[in-house]
Amino acid sequence: MAVITLFSASYCNGEEVAAGVADRLGFRRVDDESLIAAASEQSGAPPDKLRTALFGAPGFFNKLTRAKEKYAAQLRLAVTDLVEPDDVVYHGFGGLLLPNTLSHVLRACLAAPRGYRVEQAGLEGLSARDAQRQIEKDDVACAEWTKFLFDLGPWDKSLYDCFLPMQSTAVVEAVDTLSGYAVQPTAQMKDDAQKALEDCRLAARVNMALVEEGHDTDVSSKDGDVTILIRKHTMRLERLQAELVAVAKEVSGVKQATARPGPRCVEPSVYARMD
């Protein structure tokens, strides 16, 4: 079957939609707290640190401590185990850690204009002022997370297979839509999807090893061949490439590794009068 990841703006009926889809399809339902618990058990990291990495902005000293990157790497490694076996509905931030190379994962987003969300918050007893504040806080957390992962905003449609505007979509309609997509042949778990999941797990282990050495990269894997994309410009590119490859090759399962500048690695511009 399939894995459905659901990323929802607050007050967009995300809980109701996730529960409805899980009940309709008979899928397991997991969320960010499930992921935090699994990552904590797997790595020994404190749950509060993992929670901060998932929902909080990088700390003032993060460039030195690399805390967000380290805990995010542990979450990335744990999420691949959490969604296997499949038949899962994942509601929360952690679903975005699964790469788009996993063809059996359906990525959905629920969003709506702020006015609609304020009205929905009012139905839960919040005043308009408190609702505005809470929505602003929630949206900042969403934006921090997708910027950290992709350098994109949280409602960028390129991140999702299905984008549902909840101001014009009833909960039952959203459940029908997602359930229908999930049973399509293209969303089913096949042998190549299982192989892609194993590649995803290997890439996560390599990423973990690189983060522990203080590196900031994006990692992918195919059949044991690992590609490391450098995020930040450096004057000593060849030396960095050699170091990244050496670290990757120490990870069990890696057949070969290459490192190169990625799309997020942009050489800083030079101020003309100071050249």
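Structural notes, computed from the coordinates.

Scoring rules and cut-offs
- Residues numbered from 1 in each chain as written.
- Predicted model: local features only at pLDDT ≥ 70, side-chain atom pairs only at ≥ 80, totals over all residues.
- Heavy atoms only, no water.
- Axes fitted to C-alpha atoms, helices over the stretch in contact; angles between N-to-C directions.
- Helix = DSSP H or I, 4+ residues; strand = E, 2+ residues; numbered from the N terminus.
- Parallel < 35°, antiparallel > 145°, perpendicular 65-115°, else oblique.
- Contact = heavy atoms within 4.5 Å.
- Polar contact = N/O pair within 3.5 Å; in protein donor to acceptor, adjacent residues only side chain to side chain.
- Pairing = 2+ DSSP bridges.

With their axes 9 Å apart at the nearest point, helix α3 (residues 47–55) and helix α5 (residues 67–82) run at an angle of 100° to one another. Relative to α5, α3 is oriented roughly perpendicular. Residues K49, L50, T52, A53 and L54 of α3 touch α5, and the partners they reach there are K68, Y71, A72, Q74 and L75.

As for its position among the elements, R201 is in helix α9 (residues 191–212). Here E84 takes part through its side chain, which lies 2.6 Å from a polar atom of the side chain of R201. Excluding residues within four positions of it along the chain, R201 makes contact with L77, T80, D81 and E84.

Taken in spatial order, the 5 strands line up as β2-β3-β1-β4-β5 in an open sheet, and their pairing is parallel. Among the strands making up the open sheet, the edge pair consists of β2 (28–31) and β5 (162–165). Averaged over all pairs of adjacent strands, the angle between strand axes in this sheet comes to 20°, irrespective of strand direction. Pairing of strand β1 (residues 3–8) with strand β4 (residues 105–111) involves 6 bridges; the strand directions are parallel. Each bridged residue has a counterpart across the sheet, and for T5 the counterpart in β4 is R107.

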